[in-house]
Amino acid sequence: MISDSSKQVAAFFCRPHRKIVLLLLALVFSLGLWFRLSVPAVPLFNPDSWGYLHPALSEMAGSGFQQTHGRGIAYPLFLLGVLSATEDFQSITVAQHAMGIFAGIVWWVAWMSWCSWLPSVRVGAFWVQCIGIVFLASFLLNASTILHESAIRPEAIFPALALGQICLCLIYARARWGSHCPFVACLSGAFSVL
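So, here is what we can say about the structure in this document. (Residues numbered from 1 in each chain as written. Predicted model: local features only at pLDDT ≥ 70, side-chain atom pairs only at ≥ 80, totals over all residues. Heavy atoms only, no water.)

1. What about the overall build of the protein?
In terms of helices and strands, the protein carries 10 helices and 0 strands. Taken from the N to the C terminus, the helices and strands of the protein come in the order α-α-α-α-α-α-α-α-α-α. Among the 194 residues that make up the protein, the fraction classed as buried is 37%. The long-range share in the protein, meaning contacts at least 24 apart out of those at least 6 apart in sequence, stands at 66%. Carbon and sulfur atoms make up 72% of the accessible area of the protein, which totals about 11300 Å². (Helix = DSSP H or I, 4+ residues; strand = E, 2+ residues; numbered from the N terminus. Buried < 20%, exposed > 50% of the residue type's maximum accessible area, 1.4 Å probe, protein only. Contact = heavy atoms within 4.5 Å. Areas by Shrake-Rupley, 256 points an atom, 1.4 Å probe, with all protein chains shown as cover.)

Put into structure tokens, the structure is as follows:
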């Protein structure tokens, strides 16, 4: 037989608690920001970093954007944008940490988009939001994620891009089959392919 206290706890976790969720999200994002700010803003290099950095530096030196070793263009363009705007290598790490926090925001938007597919009784349930917060915290507070954001490697920004694509795909699916909004479906589908 279930006791009254168990029923109260179950009822608490089944109801939406927006203020508690916002407080927990603020805590997770604050900790993520604090961990990133506690890491020195010195970019970490490895033997592969030059292949990503060279195109940006050659463009800034006037020799053109020279791709090396068949690498993709997205990360060298990101480096070119950051270095052109700031002319400071430390700003690469700061920008990548900012992308990491942005990836957390996109992660939460993707989570909320996914939750919108749940039955209406469970969409706002506190236990559902707690599951999302736990996984968000495991992403934002992960030492490997923060280490990747400190290195001159494409792994620093690709989580934000991949999560953005997932979010756009979820928006596309909702617009295509849920709310039947063709304009939003076309727009989100096109951006997800990009």
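2. Digging into the packing of helix α5 (residues 90-115) against helix α7 (residues 126-140)
The contact between α5 and α7 brings their axes to 10 Å, and the two run at 155 degrees. One way to sum up the angle between α5 and α7 is to call them roughly antiparallel. Crossing geometry of α5 relative to α7 is assigned as right-handed. Here α5 contributes Gly 100, Ile 101, Ala 103, Gly 104, Trp 107, Trp 108, Trp 111, Met 112 and Cys 115 to the contact with α7, which in turn contributes Val 128, Gln 129, Ile 131, Gly 132, Ile 133, Phe 135, Leu 136, Phe 139 and Leu 140. Tallied by class, the residues present in the contact of α5 with α7 amount to 14 nonpolar, 4 polar and no charged. (Axes fitted to C-alpha atoms, helices over the stretch in contact; angles between N-to-C directions. Parallel < 35°, antiparallel > 145°, perpendicular 65-115°, else oblique. Left-handed = near helix turned anticlockwise from the far one by under 90°. Nonpolar A, V, L, I, M, F, W, Y, C, P; charged D, E, K, R; others polar.)

3. Examining the packing of aromatic side chains
Across all of its chains, the model carries 6 aromatic pairs by this definition. Measuring from ring centre to ring centre gives 6.0 Å for Tyr 75 and Phe 78, while their planes differ by 20 degrees; the resulting arrangement is stacked. Here Phe 78 and Tyr 75 lie together in helix α4 (residues 74-86), a separation of 3 residues that amounts to about one turn. Judged by its relative accessible area of 1%, Tyr 75 is buried. Residue Phe 78 is classed as buried on the basis of its relative accessible area, which comes to 17%. Relative to Trp 111, the ring of Trp 107 has its centre 5.9 Å away and its plane inclined at 10 degrees; by these criteria the two rings are stacked. Residue Trp 107 and its partner Trp 111 are located together in helix α5, separated by 4 residues, close to a single helical turn. Take Trp 111: its relative accessible area is 13%, and that puts it in the buried class. Site record: aromatic cluster; members linked through ring pairs are Tyr 52, Tyr 75 and Phe 78. (Phe/Tyr/Trp six-rings, centres within 6.5 Å; stacked < 30°, edge-to-face > 60°.)

4. What about helix α8 (residues 143-150)?
What α8 keeps buried is the set Thr 145, Ile 146, Glu 149 and Ser 150. Looking down the long axis of α8, one finds its buried residues gathered within 140 degrees of arc, a one-sided arrangement. What points out from α8, more than 90 degrees from its buried face, is the exposed set Ala 143 and Leu 147. Tucked into the core, α8 has its buried residues touching α2 (18-37), α5 and α7. In this structure Asn 142 caps α8, since a side-chain oxygen of it lies 2.8 Å from the backbone nitrogen of Ser 144. (Arc of directions from axis to C-beta. Polar contact = N/O pair within 3.5 Å; in protein donor to acceptor, adjacent residues only side chain to side chain.)

5. Notes on the nonpolar core
Counting residues in each nonpolar core, the largest one holds 24 residues, and the members touching the most others are Leu 25, Trp 108, Leu 136 and Leu 140. Ranked by the residues each element gives to this core, the list is headed by α5, at 8 residues. Excluding its chain neighbours within four sequence positions, the residues that come into contact with Leu 136 are Leu 25, Val 28, Phe 29, Gly 104, Trp 107 and Trp 108. With 13 residues, the next largest nonpolar core counts Tyr 52, Leu 53, Ala 56 and Ile 157 among its residues. (Core = buried A, V, L, I, M, F, W, Y, C linked by side-chain atoms within 4.5 Å.)

As far as function goes, none of this settles anything; it's purely spatial.
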